[in-house]
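Breakdown of the fold
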Amino acid sequence: MKREQWGSRFGFIMAAAGSAVGLGNIWKFPYLAGTQGGGAFLVVYLVIMATIGAALIMAEIAIGRSAKMNPVGAFRALGGRLWSVTGVIGVITGFLILSFYSVVGGWTIAYLVKSIAGTIESAQPELLEAQFGGLVSAVWEPIFYHGAFMVLTMGIVIAGVAQGIERSVKVLMPLLFILLMVLVVRSVTLPGAWEGIEFFLVPDWSQVNGEMLRAALGQAFFSLSLGMGAMITYGSYLDKDADIPNASCWVVFLAALVGVLGGLLVLPAVFAFGMDPGAGPGLTFITLPAVFGEMIGGYLFQIIFFAMLLIAALTSSISLLAIPVAYFAEEYGIERKWSAIVVGIVIFLIGVPCSLALGVWGEYKLFGMNFFDLMVYAVDNYTLPIGGILTSLFAGWVVLEKMGKELSNDGSLTFKWMGAFTWIMRIVAPLAVVWVMLSGLLGS
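Here is a short report on the structure shown in this document. The shown structure was predicted, so the numbers you read here are calculated from the model rather than taken from an experiment.

Turning our eyes to something else, we now look at the overall build of the protein chain. Helix and strand content of the protein chain: 18 helices and 0 strands. Whereas a compact globule of 444 residues would reach a radius of gyration of roughly 22 Å, the protein chain reaches 21 Å, a difference of no more than 12%. Across its three principal axes, the protein chain shows a C-alpha extent of roughly 60 × 50 × 45 Å. When each of the 444 residues of the protein chain is scored for burial, the buried share is 59%. In the protein chain, 82% of the contacts between residues at least 6 apart in sequence involve partners at least 24 apart. Summed over its atoms, the accessible surface of the protein chain is roughly 17,100 Å², and 68% of this surface lies on carbon and sulfur atoms. In the protein chain, which carries 21 positive and 25 negative side-chain charges, the distance between the mean positions of the two groups comes to 13 Å.

Take a look at the structure:
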C-alpha cells in the first residue's frame, strides 16, 4: 500500500505548528513570563527556540523523512534495533501525555459550552474558583467531556493524513490565529494595559538567573513537541522535495508567535485589572474569566477565548494520537481506522483515573502523588527529556551524514548551517536537556 503524504507544504507546516501549539503556549508561557522576569524571560526563550529548538525540529523531521516510518521503525531502520528503544519511548510518551491532556482538553469543551450558555460566574474570582474546582473534582461531567475530546481527536486521525489531519489544521490553525489576534487587540487596548505590555516586552536583565534559564529552556524544548516522536511521525509523510530547514523555521516561528501573542493576551489584561500574573493554571479557568466579566463585551470575548483554547488543544492532541496509531498500523499491520479506534479507547480509559484523581480518587497516591500528577511528573521528568537526549545524540553522532543529506535537500552535505547543527546535536542540546532534567528531579 502506498504511504500517505501531505498534500501541500502549507498543510505540513500547519500540522507541525499545530502539534507544537497547545494549551501550554496559551496559559503556561504567560504564567512563566509572569513569574520569571517578563521581558528577560521572553528574550531568552526566543533565543533558545531559534537555536536548540530549530535544530531539534530539523533533526526529528529529517529522521522521519529519511526512514519514511513511525518513530520505532525509523530509529531501527537508521540506527539498528538497539536504537528502536528511543522510538518506543516516544510512542509511550505520546500515549501517556494524551491520557491526561485529553482530560484538560475536555475542560476547554466544558468551559466553551458554559460560556455559550452564560452559566460561568464571570466577575467574581471566588465563585469562579469554586466553579472550576467543582468541575474538575466531579465524577461524570469531566469524564464525559474527556470522552468528547477524544472522539473529536479520533475522528480527525481516522480520516487519514491528507483528508483528516491536513484538512482540519488548514482550517483550525488560521482560525486560531484570527481568534487570538482579536483577543490580543482587545487586551492591549484596555485602560491600564500598558503596564503589562511593558513588563512583557521590556527586559529587566537583573531577573536573569539559573531558575529563569531552566524555565525558558524547558518551555522552549517541550512546547515544540520534541522528544516524543511527533515530528518524526509527521516528517515521515513529507515528500523528498520539501525544504526541511525552511519548514522547520516556519514551525518554530509560528510556535513562538503563539507564545508571544498569548503573553500579549494575558499579561496586559491581568495587569489592567490588578490580577496576579503568576496564578498558574488558574489564569485560564479562573483569572481570565474574571477579567472577561469586567470587560465590555466580555461574554463574546470569553466564548472566543475558550474556542481558541479548544482549537489549540485539538491541534496538539491530533499529533499525540498519530504517534501510537502510526506505530500499531505499520508495525503490526492494523488498519489505520481500527488502530485509531483501539488506541483512542485505551487512552480514554487511562484518562478516567487521571480525571478521578482530581476528585473522588484524590486520596489514593503513589510516590506521594495522585494518578494525574504522577503521569505529568513521569512525562516531564523522565520520558520526554530522555527521548530528547537520545534523539539529539542519535542525530549528531549516529546518522549525521544522513541528516546532512536530508537538510541540504540535494543529496550532498552542503547545508550551510551544518556546523552549528552538529554542535547543537552533539553537545549543546544533550547537556541542556540533562541540566533541565536533573534540575526537575532534584527540585533545584
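The rest of the description comes next.
Another aspect to go through is the environment of Gly 147. Relative to the helices and strands, Gly 147 resides in helix 7 (residues 140-158). Along the chain, Gly 147 and Ile 178 lie 31 residues apart, while their C-alpha atoms are 28 Å from each other.

Further remarks concern the packing of aromatic side chains. This model, assessed by the stated rule, comprises 27 aromatic pairs. A ring pair is formed by Tyr 111 and Phe 132, whose centres lie 6.3 Å apart and whose planes are at 65°; its orientation type is edge-to-face. Taken together, the positions of Tyr 111 in helix 5 (residues 84-117) and Phe 132 in helix 6 (residues 125-137) put the pair 21 residues apart, joining distant regions of the chain. Ring geometry for Tyr 377 and Tyr 382: centres 6.1 Å apart, planes at 65°, overall edge-to-face. Joined through ring pairs, the aromatic side chains of Phe 100, Trp 107, Tyr 111, Phe 132, Phe 285, Phe 292, Phe 305, Phe 306 and Phe 372 make up one cluster. The lysine or arginine in question, Arg 426, covers the ring of Trp 397, its NZ or CZ lying 4.2 Å from the ring centre.

Inspection of the secondary structure puts Ser 168 in helix 8 (residues 161-188). Residue classification places Ser 168 among the buried positions, given a relative accessible area of 14%. If sequence neighbours within four positions are ignored, Ser 168 has contacts with Ile 156 and Ile 318.

The subject of this paragraph is unusual backbone geometry. We note that Lys 68 has phi near 55°; this positive angle belongs to a residue other than glycine. Structurally, Lys 68 is set in the loop between helix 3 (39-67) and helix 4 (71-79). A relative accessible area of 28% places Lys 68 in the partly exposed class. Non-glycine residue Phe 367 carries a positive phi angle of around 55°. Overall, Phe 367 belongs to the exposed group, its relative accessible area being 70%.

This paragraph deals with a nonpolar patch on the surface. Among the surface-exposed residues, Val 43, Val 47, Trp 205, Val 208, Leu 213 and Trp 435 lie close enough to one another that they form a single nonpolar patch of about 510 Å² accessible area. By secondary structure assignment, the location of Trp 205 is in the loop between helix 9 (194-201) and helix 10 (210-222).

Here we come to the packing of helix 7 against helix 15 (residues 336-356). Axis separation between helix 7 and helix 15 bottoms out at 10 Å; the angle between their running directions is 160°. Between helix 7 and helix 15, the interaxial angle falls into the category roughly antiparallel. At the point where helix 7 passes helix 15, the crossing takes the right-handed sense. Between helix 7 and helix 15, the residues in contact are Pro 142, Ile 143, His 146, Gly 147, Met 150, Met 154, Val 157 and Ile 158 and Arg 336, Lys 337, Ala 340, Ile 341, Gly 344, Ile 345, Ile 347, Phe 348, Gly 351, Val 352, Ser 355 and Leu 356, respectively. Of the residues assigned to the contact of helix 7 with helix 15, the class counts are 13 nonpolar, 5 polar and 2 charged.

Calculation notes
Numbers given to residues run from 1 along each chain, matching the order in which its sequence is written. Reporting of local features is limited, given that this is a predicted model, to residues whose pLDDT is at least 70; pairs of side-chain atoms are given and counted only at 80 or more, and all residues count toward the totals for whole chains, interfaces and linings. Only heavy atoms go into the side-chain values, all of them from the structure, while hydrogens and water stay out. Strands are runs of DSSP state E lasting at least two residues, helices are runs of H or I lasting at least four, and both sets are numbered from the N terminus onward. Each radius of gyration reported is based on C-alpha atoms, and the globular scaling rule is 2.2 Å times the count of residues to the power 0.38. The buried label applies to any residue whose accessible area, calculated with a 1.4 Å probe on protein chains only, is under 20% of its type's maximum; exposed applies above 50%, and partly exposed to all values in between. We call two residues contacting when some pair of their heavy atoms lies within 4.5 Å. Surface accessibility in these figures is a Shrake-Rupley result with a 1.4 Å probe; residues are shielded only by whichever protein chains are displayed. The charge count includes Lys and Arg as positive and Asp and Glu as negative, but it does not include His or the ends of the chains. Charge positions are represented by NZ for Lys, CZ for Arg, CG for Asp and CD for Glu. Aromatic contacts are taken between Phe, Tyr and Trp rings whose centres are within 6.5 Å, Trp giving its six-membered ring; a plane angle under 30 degrees counts as stacked, one over 60 as edge-to-face, and the others as tilted. In this scheme, the term charge over a ring applies when either NZ of a lysine or CZ of an arginine sits within 6 Å of the ring centre and within 35 degrees of the ring normal. To count toward a patch, a residue needs a relative accessible area above 30% and no salt bridge. Like charges then connect within 9 Å, nonpolar side chains (Val, Leu, Ile, Met, Phe, Trp, Tyr) within 5 Å. Definition used for salt bridges: Asp or Glu carboxyl oxygen within 4 Å of a side-chain nitrogen of Lys or Arg. In this description, a line fitted to the C-alpha atoms serves as the axis of each element, helices being fitted only across the stretch in contact, and the angle between N-to-C directions of two axes falls anywhere from 0 to 180 degrees. Reported orientations rely on four angle classes, namely roughly parallel under 35 degrees, roughly antiparallel over 145, roughly perpendicular from 65 to 115, and oblique for the rest. Take the far helix as the reference: if the near one is turned anticlockwise from it by less than a right angle, the crossing is left-handed, and if turned clockwise, right-handed. Just so you know the grouping, Ala, Val, Leu, Ile, Met, Phe, Trp, Tyr, Cys and Pro go in nonpolar, Asp, Glu, Lys and Arg go in charged, and all remaining residues, Gly too, go in polar.

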